[in-house]
Amino acid sequence: MTQIGVLAIQGAFCKHLDILHSLHVKAIPVKYAKDLESLDGLIIPGGESTVITRQLGFRLSWEDIYHFAQEKAVFGTCAGLILMGKGCSDPRVRQLGLMNAIIERNAYGSQIESFTEDVTLSFDTYPFHAVFIRAPKILKIGKDVEIIASFQGEAVMIQQGHLLGAAFHPELTNDTRVHEYFMHHCVN
Ligand code: GLN
């Protein structure tokens, strides 16, 4: 049976587990390197990329995730997207550099500028009501990266093969389409 892990170091991991369980997907929190062994995919949740940077590397290393992502699906949301990308200008953030995309932290402003808006999905006609919390912006993408969701003409969700990244929090609504997309188009 397919099993997905959610990195449970800091941030919004419980909601991802809930939404995966609601889709009848076997999902576990990931804290240790050995937790990766049984997984078909991993979600790196939103939270705070500077905090995750400081806390990752004790029980689970950057290299463990990097190697996992060479073959297996990974979905980074918000802070998770920042960690998956490249070129973050904040020196306190370490990035995995998995996705060929330049990501800027807090690009829509501070906490008070957080918002919810409909975003356009490439795979469905109905928009997705997305929650943006101190969201990052995808400033630049490489040729091998596809835009899966956009807002005001800018990419807010991108895919590079089995890797997916969203600037928003798809786990904070009852709409399961983004997680279903990950399961069907990135996992396996
Ligand atoms: N601004 C946060 C960061 O830099 C990300 C916010 C979030 O994940 N909701 O990590």
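Residues numbered from 1 in each chain as written. Predicted model: local features only at pLDDT ≥ 70, side-chain atom pairs only at ≥ 80, totals over all residues. Heavy atoms only, no water.

Novice: Help me understand the site of the ligand in this model?
Specialist: Residues in contact with the ligand, as listed here, are Gly-46, Gly-47, Glu-48, Ser-49, Cys-78, Ala-79, Ile-82, Arg-105, Asn-106, Ile-133, Arg-134 and His-169. One of the side-chain nitrogen or oxygen atoms of Asn-106 is found 2.4 Å away from a nitrogen atom of the ligand. At a separation of 2.7 Å, a nitrogen atom of the ligand approaches a polar side-chain atom of His-169. Here the ligand loses 99% of its free accessible area of 300 Å² to cover by the protein chains. (Near = heavy atom within 4 Å. Polar contact = N/O pair within 3.5 Å; in protein donor to acceptor, adjacent residues only side chain to side chain. Areas by Shrake-Rupley, 256 points an atom, 1.4 Å probe, with all protein chains shown as cover.)

Novice: Any chance you could explain the packing of aromatic side chains here in plain terms?
Specialist: Any two aromatic rings considered together are summarised by their centre-to-centre distance and by the angle between their planes. On inspection of all chains with the given rule, the structure shows 9 aromatic pairs. Ring plane angle 40° and centroid distance 5.7 Å describe the contact between Phe-128 and Phe-168, whose orientation is recorded as tilted. With a gap of 40 residues between them, Phe-128 in strand 7 (residues 128–132) and Phe-168 in the loop between strand 11 (163–166) and helix 5 (177–185) connect regions that are remote in the sequence. Phe-168 matches Phe-128 in its accessibility class, with the two residues each being buried. Through successive ring pairs, a cluster of aromatic residues spans Tyr-108, Phe-115, Phe-128, Phe-132, Phe-151 and Phe-168. Lys-137 extends its terminal NZ or CZ atom over the ring of Tyr-108, reaching a point 4.8 Å from the ring centre. (Phe/Tyr/Trp six-rings, centres within 6.5 Å; stacked < 30°, edge-to-face > 60°. Helix = DSSP H or I, 4+ residues; strand = E, 2+ residues; numbered from the N terminus. Buried < 20%, exposed > 50% of the residue type's maximum accessible area, 1.4 Å probe, protein only. Lys NZ or Arg CZ within 6 Å of the ring centre and 35° of its normal.)

Novice: So what exactly am I meant to see when it comes to the sheet that holds strand 1 (residues 3–7) here?
Specialist: Across a sheet, strands are paired by hydrogen bonds formed along the backbone, either parallel or antiparallel in direction. Here 9 strands make up an open sheet; going across it, the order is 2-1-3-4-11-10-9-6-7 and the pairing mixed. In the strand order of this sheet, the two ends are held by strand 2 (26–30) and strand 7, each with one partner. Looking at each pair of strands side by side, their axes are set apart by 25° on average, direction ignored. Helix-sheet contacts for helix 5 involve strand 1, strand 3 (41–44), strand 4 (73–77), strand 6 (115–121), strand 7, strand 9 (146–151), strand 10 (154–160) and strand 11, and the interaxial angle to strand 4 is about 155°. (Pairing = 2+ DSSP bridges. Axes fitted to C-alpha atoms, helices over the stretch in contact; angles between N-to-C directions. Contact = heavy atoms within 4.5 Å.)

Novice: Which parts of the structure should I look at to understand the environment of His-16?
Specialist: Locating His-16 in the fold gives a position in helix 1 (residues 13–22). Residue classification places His-16 among the buried residues on the basis of a relative accessible area of 0%. Once the C-alpha coordinates of His-16 and Pro-170 are considered, the two residues, 154 residues apart in sequence, prove to be 8.4 Å apart. When sequence neighbours within four positions are dropped, the list of residues in contact with His-16 reads Val-6, Ile-43, Pro-45, Thr-77, Glu-171 and His-179. Reaching out from His-16, the side chain makes a polar contact with the side chain of His-179 at a distance of 2.9 Å.

Novice: Is there a simple way to think about the pairing of strand 10 in this case?
Specialist: A regular strand places its side chains on the two faces of the sheet in alternate fashion. Of all 7 residues in strand 10, 6 are buried, a share of seventy percent or more. Summarising the sheet, strand 9 and strand 10 pair through 5 bridges and their orientation is antiparallel. Within strand 10, the position partnered with Ile-147 by the bridge is Ile-158. Judged from the 4 bridges that link them, strand 10 and strand 11 form a sheet pairing that is antiparallel. Bridge assignment links Gln-160 to a residue of strand 11, and that residue is Leu-163.

Novice: Can you help me understand unusual backbone geometry in this one?
Specialist: Trans peptide bonds make up the majority, and among non-glycine residues the majority have a negative phi. Even without being a glycine, Asn-106 presents a positive backbone phi close to 45°. Asn-106 sits in the partly exposed class, given a relative accessible area of 31%. A positive phi angle, close to 50°, is found at Gln-152, a residue other than glycine. Along the chain, the position of Gln-152 falls in the loop between strand 9 and strand 10.

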